[in-house]
Amino acid sequence: VTWEPAGKALQQRLTAIKIPIFKGLLGYRLFFVHKDNKDIFKDITKIKDLKQFTMATGHGWGVTDLYKSHNFKMIVSPAYEGLFEMINKKRADYFSRGVNEIFVEYETYHDDFENLAIEETIALYHPLPFYTYTSPTERGKALAKRIQEGMKTLIQNREFDRLFKMHHKDLLKSASIGSRKVFQIQNPLLPDDVPLEKQEYWIDQEFKN
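Residues numbered from 1 in each chain as written. Predicted model: local features only at pLDDT ≥ 70, side-chain atom pairs only at ≥ 80, totals over all residues. Heavy atoms only, no water.

Q: Explain the environment of Asp43 to me, using residue names and the numbers behind them.
A: Residue position: Asp43 is located in the loop between β3 (28–34) and α2 (47–50). Under the relative-accessibility criterion, Asp43 is labelled exposed at 62%. In sequence terms Asp43 and Leu154 are 111 residues apart; their C-alpha atoms lie 41 Å from each other. (Helix = DSSP H or I, 4+ residues; strand = E, 2+ residues; numbered from the N terminus. Buried < 20%, exposed > 50% of the residue type's maximum accessible area, 1.4 Å probe, protein only.)

Here is the structure:
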């Protein structure tokens, strides 16, 4: 049993339980910016305005291919820490990170990159579900069926939401998604059968506020 982002290639090799285990939370992206540039994004009202700025992103990352498909202006680096350096030295305008990543990374790197700041007014959203996977064997498929039944039961009795809040409430408070302008883009890299229509599988307004 493992968990990974939903992907067409992975779904062909493994057995996917098609229920987003983080309710799509990781698709909400916040930005690292240079501390002198914290205010340059506050007046953005359209996604095309965001695309005028240059994004730092990683070579070989799935989100890089996603942003490329939407014609974002990007500087791509193979070096993870080099992306923080780009922001620190104003070589790029922003660095998109998941809400599950950005606060931990800030605590880790802000002493080394003293100009690092978190932009506070906008967020970018694209569907990015993480699935649980098992092997494609008969035993793996039987296990996947059992996991799926259990997860559906948790969703139906609201235990899934309770656990989600318990583990992510501090993160959600820090992200303050409900007070941000959220710009949404499609994710053409996802499998065609992602259950986007099942509202109970995804983060809702209650969690954003």
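Now that the structure has been shown, we can carry on.
Q: Go over the packing of aromatic side chains, please, and point to the residues and values.
A: Evaluated as defined, the whole model comprises 19 aromatic pairs. Each ring, one from Phe31 and one from Tyr94, has its centre 4.7 Å from the other, and the planes form 50°; the classification is tilted. Highlighted residues: Phe31 in strand β3 and Tyr94 in strand β6 (residues 94–98), separated in sequence by 63 residues. The class for Tyr94 is buried, based on a relative accessible area of 0%. An aromatic cluster of at least three residues, connected via ring pairs, comprises Phe32, Trp61, Tyr80, Phe84, Phe95, Tyr109 and Phe113. Stacked on the ring of Phe72, the Lys or Arg Lys51 has its end atom at 5.3 Å from the ring centre. (Phe/Tyr/Trp six-rings, centres within 6.5 Å; stacked < 30°, edge-to-face > 60°. Lys NZ or Arg CZ within 6 Å of the ring centre and 35° of its normal.)

Q: Tell me about the sheet that holds strand β2 (residues 15–17), and name the residues and values.
A: The strand order across the open sheet built from 3 strands is β1-β9-β2, with neighbouring strands paired in antiparallel fashion. Unpaired on one side and paired on the other, β1 (2–5) and β2 mark the two borders of the sheet. Along the sheet, successive strands turn relative to each other by an average axial angle of 40°, direction set aside. (Pairing = 2+ DSSP bridges. Axes fitted to C-alpha atoms, helices over the stretch in contact; angles between N-to-C directions.)

Q: Describe the environment of Asp36, and please don't skip the residues or the numbers.
A: Residue position: Asp36 is located in the loop between β3 and α2. Among the polar contacts made by the side chain of Asp36, one reaches the side chain of Lys90 at a distance of 3.5 Å. (Polar contact = N/O pair within 3.5 Å; in protein donor to acceptor, adjacent residues only side chain to side chain.)

Q: Break down the pattern of salt bridges for me, citing the residues and quoting the values.
A: Taken as a whole, this structure holds 10 salt bridges when the rule is applied. Two residues, Lys23 and Asp161, come together in a salt bridge whose shortest N-O distance is 3.0 Å. One end of the pair, Lys23, is in the loop between β2 and β3; the other, Asp161, is in helix α7 (residues 159–175), and 138 residues separate them in sequence. Like Asp161, Lys23 is buried. One salt bridge connects Arg158 with Asp161, and the closest N-O pair in it is separated by 2.7 Å. Residues joined by salt bridges that share partners form a network here, namely Lys23, Arg158 and Asp161. (Salt bridge = Lys/Arg side-chain N within 4 Å of Asp/Glu carboxyl O.)

Q: Talk me through α7; I want residue IDs and the actual numbers.
A: The first and last C-alpha atoms of α7 sit 23 Å apart over 17 residues, in line with the 24 Å expected at 1.5 Å per residue. Along its length, α7 reaches its greatest deviation from straightness, about 65°, at His168. Along α7, the residues classified as buried are Phe160, Asp161, Phe164, His168, Leu171, Leu172 and Ala175. Looking one or two residues past α7, Ser176 carries a phi angle of roughly 50°, positive in sign. (Expected span 1.5 Å × (residues − 1). Bend = angle between axes of the 7 residues up to and from the residue.)

Q: Give a detailed account of a negative patch on the surface, specifying residues and quantitative values.
A: Taken together, Glu81, Glu107, Asp111 and Asp112 make up a surface patch of like negative charges. Looking at the element boundaries, Glu81 is found in helix α4 (residues 80–88). (Patch = residues over 30% accessible without salt bridge, like charges linked within 9 Å, V, L, I, M, F, W, Y side chains within 5 Å. Areas by Shrake-Rupley, 256 points an atom, 1.4 Å probe, with all protein chains shown as cover. Lys, Arg positive; Asp, Glu negative; His and termini not counted. Charge placed at Lys NZ, Arg CZ, Asp CG, Glu CD.)

Q: Lay out the packing of helix α5 (residues 99–109) against α7 with the relevant residues and their values.
A: At their nearest, the axes of α5 and α7 sit 10 Å apart, and the two run at 80° to each other. In terms of orientation, α5 lies roughly perpendicular with respect to α7. When α5 is examined against α7, the residues Val99, Asn100 and Phe103 are found in contact with a partner set consisting of Leu171, Ser174 and Ala175. (Parallel < 35°, antiparallel > 145°, perpendicular 65-115°, else oblique. Contact = heavy atoms within 4.5 Å.)

Any functional reading would require information beyond the geometric quantities listed.
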